Amino acid sequence: MILKFCKFLLCISAALCAGVLYAGELPSYEVTVTVECKNAAAAEKAQLKFLPLPPGKSVAFSCRWDDNNAAHPKMKKLMQKYGYKGTFYLLAPKAEFRDKVLPELCKDGFTIGNHTLHHYSLSQLTANGIFYEILAARIMLETLSGQTVTAFIFPGGSFDNRFAPEVPQIISSCLRRSGMLGGPDKATTRLNKLPGNEFFNTGGCNIYPGDRNTSCEVFDKHVAKSLPEAGKTAHLTLGIHVWHSEKDFAELEKSMEKYSARPEWWYCNENEFLAYSYMLHHAKVTGKKVDGSQAVFTVKLPYPENLGSSVPLWAECDGKNVAIRHTQGLPVRIGSAAPDGSCAEFPGLKAKISFPSADRVRFEVENSGKELENTRLMLRLPPDFSEEVIEFYAGKISGKFRKEWQVSPDKKRQSSGRRLTAVQMDFVRAGECGRLWTTHTQKIRSAVPVTAEIFCSSRKFPADELAKIALPETPADKTVFFPVSHQNNYLETIFKVPERAVNKESLTVVMDFDGGKEFTLMGNLPETVYLNGKKVETADGTLRFQAPSGKCRILFQHLNTRRPLRQIQLILKP
């Protein structure tokens, strides 16, 4: 089913108290910008014209490095040497990386990006699974790093599933629900082209001189191809993996030195670029007054806490460059509520989420510490609900506070997997900006009835033996063939290959089912499969056939795959 999402606009000031549903724009607040013009007449005519990049810059250049790699600090040091900044897109870290590497990556103008929890192919997950992988990763990374995480990179570029055409829209909704603003990859560019997804920023141009066998010549070609025309701007990103040998690092350094300190380049991290790009498209001038030779503008800016950066938006007015600066701050302390509601980062503060009924969400806070001020709530809902995000301004909180939202469960959108609901609470406490994440997770089991039994083997069989095993009456040797099961969070058509059968040299799959109908089999199928012992040819991963009555069997074999197959997608429908 293709999800249909309504897009609502939200622009609020800090004084508003009513909750508002939105799915296209971040909450905003007002700032005042005063420009001293040449004279009173010039002030009357003055207008703010937002600049596509900071003054004098035609290229935004950032660096992108994916996955949890112990060599990241070495790459960071090289970048610092030549004035580069960038973003490291991380997964759920193991203890050593968490304690020794991650803290170093959060310093000196570098930021952390979201690469999901486990690097699963998002296109193979249920809607709940997609949302869990993205939002749970964001909460974890923010809690560990103390940074606001808004940049996102797709694991393996996995964006669509030709057997599930609704997946791109589901993924884009899950990114909005999670508060991700985009990232420098081709999948994000494709997302941006989907109707209603202008919320995301395009990926720009990738400078990829090679993670291995790094080449200065390739670096030069990519830069030359990506530079903007006169009067235009461009976003360039160097990456992708820190797999470099000493020779590769030396080669990369030559290019980084060559392209450093260029006055027309803005060397930024991805948070800064995404924040600037988002403001450029969504900031609004909502008022103007004139006081003598001064033009005083009122501008609505998205809160920096949701942009991930407090970088100013620049404008031109009456021949001057004007910085439109934030008056709100980023969280400097971020915590996550424990199961009992407490949080070590914020003593005396407890919070929890509950569902009094299927269509109501309750958020409760108990604050025995210093008063919370300017408190803003973002209810981030899983795809089982029609609403994506609901924002509420709570103001000051002392003692007990409770907020309930009426929500709309949508049975057509419900899926299996971990159903995660979260409240992002931003506030000021004792003059310091803070954020508390509170979550509620429920495991939803698949309601799809099992219509076939599937078995896998790592053994490579000759053709004559394959034909024999493909006969329905041939018993599957349980010492060779192992049963396949659904895995929570994966699409009901995705099956987990048993670990004993994971092998890139050979994977043999057997599917037993009841015939008597005309069927369509779809999935990652080879060109040739066996049906009840006879060879048949597939077309574009699809096989249409009439199955005889009684027990039937499909068998096929994958040989010498680029990577070991850990999941297989099989759709058998009449």
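Residues numbered from 1 in each chain as written. Predicted model: local features only at pLDDT ≥ 70, side-chain atom pairs only at ≥ 80, totals over all residues. Heavy atoms only, no water.

A. Highlighting the side chain of Asn161. Checked against the element boundaries, Asn161 lands in the loop between helix H4 (127-145) and helix H5 (167-178). At a separation of 3.1 Å, a polar atom in the side chain of Asn161 contacts the main-chain carbonyl oxygen of Ser123. Here the side chain of Asn161 touches Phe163 through a polar contact of 3.0 Å, landing on its backbone nitrogen. (Helix = DSSP H or I, 4+ residues; strand = E, 2+ residues; numbered from the N terminus. Polar contact = N/O pair within 3.5 Å; in protein donor to acceptor, adjacent residues only side chain to side chain.)

B. Region of interest: helix H3 (residues 95-105). For H3, the complete set of buried residues consists of Phe97, Val101, Leu102 and Leu105. Angular distribution of buried residues about the axis of H3 spans 100°; they occupy a single face of the element. Buried-residue contacts for H3 involve helix H2 (72-81), strand E5 (86-90), strand E6 (111-114) and H4. (Buried < 20%, exposed > 50% of the residue type's maximum accessible area, 1.4 Å probe, protein only. Arc of directions from axis to C-beta. Contact = heavy atoms within 4.5 Å.)

C. Seen up close, the pattern of salt bridges. Here the structure, examined in full by the defined rule, presents 26 salt bridges. Asp410 is the salt-bridge partner of Arg413, the closest N and O atoms lying 3.2 Å from each other. Note on accessibility: Arg413 and Asp410 belong to one class, buried. Of the charged contacts in the structure, one is a salt bridge between Arg566 and Glu499, with a shortest N-O distance of 3.1 Å. Remark: Glu499 occurs in the loop between strand E23 (494-496) and strand E24 (506-514) and Arg566 occurs in the loop between strand E29 (551-559) and strand E30 (567-573); sequence separation between them is 67 residues. Residue classification places Arg566 among the partly exposed positions, given a relative accessible area of 41%. Residue classification places Glu499 among the exposed positions, given a relative accessible area of 55%. Overlapping salt bridges, with partners in common, bring together Lys76, Glu104, Lys107 and Asp108 in one network. (Salt bridge = Lys/Arg side-chain N within 4 Å of Asp/Glu carboxyl O.)

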